Amino acid sequence: MTVGGAPVAVVTGGARRLGRHLCEVLAARGYRVVIVYRSSASEAASLCAELAAQGHVARSIQADISVRADVEQLFSDVASHEGRVDLLLNNVGNYNPQDVTRLDPDVWDATIASNLSGAYYCCYHALRLLPDGGQIISIGMAGLEGIRANRRGADYYVSKTGLLVITRALAAGYADRQIRVNMVSPGQLDNSIDLPPPDEIGREVPIGRAGTMRDISQAVEYLLDAPYVTGVNIDVSGGYRL
Ligand SMILES: NC(=O)c1ccc[n+]([C@@H]2O[C@H](COP(=O)([O-])OP(=O)(O)OC[C@H]3O[C@@H](n4cnc5c(N)ncnc54)[C@H](OP(=O)(O)O)[C@@H]3O)[C@@H](O)[C@H]2O)c1
C-alpha cells in the first residue's frame, strides 16, 4: 500500500465508540494508527495498550480539532514521528440536538467548529503529508442528499452536509494525484443517543434494525480497496429516511 513501511492512519475521535472500532480495524489491516482524542485520555491509553498487545503499532495525540493551532501541532507531530499520512479518517461528529426554534448560537458555533471546520483543518494539514494514492474518509450522516427538514439538530445536519460538499470538492481537486476523498454515513447506530425502541425503528429504518459499528467499518474497508471510487458518500443505514 505504501513505499517504506506500514501505512499511517490518523483517526479523529479515535479513543471511543465508532472511532475506537475503526482504529482496531485499521490496525488489524496493518496500519500504524494515530489516535486523536480530546478528553478521553484513559480510553486512548487503553486502546494503545490493547493494540500493542496484539502486535500493532499505535499512539495517541491529544488535540481539540476545532482549534486551528491544535491541528497544526497535531500534524507537525505526525510529520516528525510518522513522516506521512496514508489515510485521514475524520470521525469526529458531535450531536447535541436542539429544536431549531431554540437552537443556541453557542451550540451552533461548537458543532460547526468541531464537525466541519475541524474536519477541514485536518484535511488541509493531512493533504500536505498524503502521498499520491492516499485517502481521506469522513464519517457523515445518512440521508443528507435530500436535505430534508430536521427540526432537531439543524447544526449537526448543516455540518455533515458541508462535510459532503468539501469531500466532493477535495475529491475533484486531488484526483490527478490519485488521492481519493470519500464519505461513509451511518443512520441510526445501535449506540445512538436517539435510538427508538426496537418495535418503532422500522418507521425510520426500512431494514428494521439499528446499524452496528461493523456495518460502518465494512464500508470503510471497501473504500480502502476501491481505487476507482472517489467523491462519493455511501449511506450505510438500512435505508434510513429513504
Ligand atoms: N452513533 C450514531 O448513531 C451515529 C449516527 C450517524 C452518524 N454518526 C457519526 O459517526 C461518528 C462517530 O459517532 P460516535 O457516536 O461514535 O461519536 P461520539 O461518541 O459522539 O464522538 C466521538 C469522539 O469525538 C471526539 N471529539 C469531539 N469533538 C472533538 C474535538 N473538537 N476535537 C477532538 N476530538 C473531538 C470525542 O473525543 P473525546 O472523548 O476524547 O473528547 C469523542 O470521543 C460521528 O461523526 C457521528 O456524527 C454516528
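Trainee: Explanation requested: the sheet that holds strand β3 (residues 58–62) in the structure shown.
Mentor: Backbone hydrogen bonds are what pair the strands of a sheet, in a parallel or an antiparallel way. Taken together, the seven strands give an open sheet; going across it, the order is β3-β2-β1-β4-β5-β6-β7, and neighbouring strands pair in parallel fashion. Pairing within the sheet leaves two strands with one partner each, and these edge strands are β3 and β7 (233–236). On average, each strand axis in the sheet is tilted by 20° relative to the strand beside it, whichever way the strands run. Summarising the sheet, strand β6 (residues 180–186) and β7 pair through four bridges and their orientation is parallel. The partner of M183 across the bridge, within β7, is N233.

Trainee: Could you clarify how one ought to interpret the pairing of strand β5 (residues 135–139) in this entry?
Mentor: In regular strands, side chains alternate between the two faces of the sheet. Burial analysis of β5 places five of its five residues in the buried class, the great majority of the element. Residues of β5 alternate between two faces, with Q135, I137 and I139 on one and I136 and S138 on the opposite face, all of them buried. As defined by bridge partners, strand β4 (residues 87–90) adjoins β5 across four bridges and the pair is classed as parallel. Considered in β5, the bridge of L87 is made with Q135. For the segment spanning β4, helix α4 (residues 105–127) and β5, crossover handedness is right-handed. In this fold, the crossover linking β5 to β6 by way of helix α5 (residues 154–174) has right-handed handedness.

Trainee: Honestly, the pattern of salt bridges in this entry has me stumped. Any pointers?
Mentor: Between side chains of opposite charge, pairing is possible as soon as their charged atoms come close. Throughout the structure, instances matching the rule amount to 14 salt bridges. When the shortest N-O distance is used, the salt bridge between R177 and D132 registers 2.7 Å. Of this pair, R177 sits in the loop between α5 and β6 while D132 sits in the loop between α4 and β5, placing them 45 residues apart in sequence. On the basis of relative accessibility, which here comes to 56%, the residue D132 falls in the exposed class. Ionic pairing is found between R209 and D215, a salt bridge with its closest N-O pair at 2.9 Å. When its relative accessible area of 42% is taken as the criterion, R209 is described as partly exposed. Beyond isolated ion pairs, a larger network of salt bridges with shared partners links R29, R214, E221 and D225.

Trainee: I would appreciate a short explanation of the pairing of β4 in the present structure.
Mentor: Burial along β4 is two-sided: L87 and L89 and L88 and N90, pointing in opposite directions, are all buried. As paired elements, strand β1 (residues 8–12) and β4 share three bridges and run parallel to each other. Bridge pairing links V11 to L89 in β4.

Trainee: Would you explain helix α2 (residues 41–53) in this entry?
Mentor: Taking 1.5 Å of rise per residue, the 13 residues of α2 would be expected to cover 18 Å, and the 18 Å separating its terminal C-alpha atoms lies within 8% of that figure. Among all positions in α2, only A44, L47, C48 and L51 are buried. Along α2, the residues classed as buried sweep out an arc of 100° about the axis, all on the same side. Seen from the buried face of α2, the exposed residues on the opposite side, beyond 90 degrees, are S42 and A53.

Trainee: Any chance you could explain the state of the cysteines here in plain terms?
Mentor: Disulfide: a covalent bond formed between the sulfur atoms of two cysteine residues. The final tally for this structure, using the stated rule, is zero disulfides. Looking at C23, it has no disulfide partner, and the nearest cysteine sulfur is the one in C48, 8.6 Å off. What makes C48 buried here is its relative accessible area of 16%.

Trainee: Sorry, what's going on with the packing of helix α3 (residues 68–81) against α4 here?
Mentor: Any two packed helices are characterised by how steeply their axes cross, that is the angle between the axes, and by the distance between the axes. Following both chains from N to C, one finds α3 and α4 inclined at 30°, their axes separated by 10 Å at the closest point. Relative to α4, the element α3 lies roughly parallel. Remark: the crossing between α3 and α4 carries right-handed chirality. Within the contact between the two elements, α3 uses R68, V71, E72 and F75 and α4 uses Y121, C122, H125 and A126. In the contact of α3 with α4, the residues fall into five nonpolar, one polar and two charged.

Conventions adopted
- Residues numbered from 1 in each chain as written.
- Predicted model: local features only at pLDDT ≥ 70, side-chain atom pairs only at ≥ 80, totals over all residues.
- Heavy atoms only, no water.
- Pairing = 2+ DSSP bridges.
- Helix = DSSP H or I, 4+ residues; strand = E, 2+ residues; numbered from the N terminus.
- Axes fitted to C-alpha atoms, helices over the stretch in contact; angles between N-to-C directions.
- Buried < 20%, exposed > 50% of the residue type's maximum accessible area, 1.4 Å probe, protein only.
- Right-handed = clockwise from strand over helix to strand, strands pointing away.
- Salt bridge = Lys/Arg side-chain N within 4 Å of Asp/Glu carboxyl O.
- Expected span 1.5 Å × (residues − 1).
- Arc of directions from axis to C-beta.
- Disulfide = S-S within 2.5 Å.
- Parallel < 35°, antiparallel > 145°, perpendicular 65-115°, else oblique.
- Left-handed = near helix turned anticlockwise from the far one by under 90°.
- Contact = heavy atoms within 4.5 Å.
- Nonpolar A, V, L, I, M, F, W, Y, C, P; charged D, E, K, R; others polar.

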